[in-house]
Amino acid sequence: MNTQEEARKSMAEARHHEEHIEDNMLQRSQEKIEQSSDQGIEVEARDLMAQHRQDEEHTKETMLSRSEAEIGNS
C-alpha cells in the first residue's frame, strides 16, 4: 500500500469515527429530550389532578353549605 492509499484509508477511518461520535451524541440528546418531555408531562398531570381534586372539594363544600342553608330556612 502506498502513502496516498494509507492517507485515504486513515481519513476514511477518521471520518467514520467522527460520524459514529456524532450519531451517539444525537441519540443521547434525543433520549434526554424525551426524558425531559415525559417528566414535564408527569408534573403537569399531577398538577391538573390536584387542581381537579380541589375543585371537587370546593363543589362538595358549596353543595353542603347550600343544603344546610335550605334546611335552616325551612
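Rules used throughout
Residues numbered from 1 in each chain as written. Predicted model: local features only at pLDDT ≥ 70, side-chain atom pairs only at ≥ 80, totals over all residues. Heavy atoms only, no water. Helix = DSSP H or I, 4+ residues; strand = E, 2+ residues; numbered from the N terminus. Rg over C-alpha atoms; globule rule 2.2 N^0.38 Å. Areas by Shrake-Rupley, 256 points an atom, 1.4 Å probe, with all protein chains shown as cover. Lys, Arg positive; Asp, Glu negative; His and termini not counted. Charge placed at Lys NZ, Arg CZ, Asp CG, Glu CD. Expected span 1.5 Å × (residues − 1). Polar contact = N/O pair within 3.5 Å; in protein donor to acceptor, adjacent residues only side chain to side chain.

> What is the right way to look at the overall build of the chain in this model?
For the chain, the count of helices and strands is 1 helix and 0 strands. By the compact-globule yardstick of 11 Å for 74 residues, the chain is too spread out, its C-alpha radius of gyration being 32 Å. Along the first, second and third principal axes, the C-alpha set of the chain runs to 110 × 5 × 5 Å. Just so you have it, the chain exposes about 7,300 Å², and 51% of that area is on carbon and sulfur atoms. With 9 positive and 19 negative side-chain charges, the chain shows a spacing of 5 Å between the two charge centroids.

> I keep staring at helix α1 (residues 3-73) and nothing clicks. Help me out?
When the terminal C-alpha atoms of α1 are compared, their 104 Å separation across 71 residues agrees well with the 105 Å that a helix rising 1.5 Å per residue should span. Capping the start of α1 is the job of one residue whose side-chain oxygen sits 3.1 Å from the backbone nitrogen of Q4: N2.

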